[in-house]
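This is what each chain is made of:
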Amino acid sequence: MAFRPLHDRVVVKRIDAEQKTAGGIIIPDTAKEKPQEGEIVAVGPGARDEQGKLVALDVKVGDRVLFGKWSGTEVKIDGQDLLIMKESDILGVIEVSASSKKAA
């Protein structure tokens with residue numbers, strides 16, 4: 001099943017956080033918080049301004065984003081846990097610099 005969000009909504013897939021702390025301690029599932037980082041898997045066409053003109057979204061499919069702890073509506077589509085949220089719920093886009101690409 002394909003899902004297409006409407007207006008200025010986006011569909012985000014959470015990216016799982018690290019299983020260990022920096023000191024090497026393994027974090028059990030019960031102590032983990034839900035990650036606030038995700039990847040955009042679908043975007044709507046955009047919102048309309050007062051004149052009825054379509055205003056495109058600033059994010060695109062594949063962008064890694066940070067969002068608020070309580071942002072979005074959790075849904076399950078084709079067995080995947082996803083979030084549907086407005087673009088305004090997104091705090092920012094994580095951009096990978098050239099130096100961090102070399103380190104990876």
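Heads up: the structure comes first, above all this text.
Quantities reported herein were computed from a predicted structural model and do not represent experimental measurements.

A. Representation of the overall build of the protein within the structure. Broken down by element type, the protein carries one helix and eight strands. Order of helices (α) and strands (β) in the protein, N terminus to C terminus: β-β-β-β-β-β-β-β-α. Here the analysis covers contacts within the protein between residues at least 6 apart in sequence; of these, 61% occur between residues at least 24 apart. With the model as given, the accessible surface of the protein reaches about 7,700 Å², and the carbon-plus-sulfur share is 53%.

B. Examining a nonpolar patch on the surface more closely. Where nonpolar side chains cluster on the molecular surface, the patch consists of L66, L91 and I94 and spans about 270 Å² of accessible area. With respect to the helices, strands and loops of the structure, L66 is situated in strand 5 (residues 64–67). Taking relative accessible area as the criterion, L66 reaches 38% and is therefore assigned partly exposed.

C. Region of interest: the pattern of salt bridges. Scanning the model with the defined rule gives five salt bridges in all. For the salt bridge of K60 with D63, the shortest nitrogen-to-oxygen distance reads 3.0 Å. The closest approach of N and O atoms between K76 and D81, which form a salt bridge, is 3.8 Å. By relative accessible area, which is 56% here, D81 ends up exposed.

What counts, and at which threshold
- Residues numbered from 1 in each chain as written.
- Predicted model: local features only at pLDDT ≥ 70, side-chain atom pairs only at ≥ 80, totals over all residues.
- Heavy atoms only, no water.
- Helix = DSSP H or I, 4+ residues; strand = E, 2+ residues; numbered from the N terminus.
- Contact = heavy atoms within 4.5 Å.
- Areas by Shrake-Rupley, 256 points an atom, 1.4 Å probe, with all protein chains shown as cover.
- Patch = residues over 30% accessible without salt bridge, like charges linked within 9 Å, V, L, I, M, F, W, Y side chains within 5 Å.
- Salt bridge = Lys/Arg side-chain N within 4 Å of Asp/Glu carboxyl O.
- Buried < 20%, exposed > 50% of the residue type's maximum accessible area, 1.4 Å probe, protein only.

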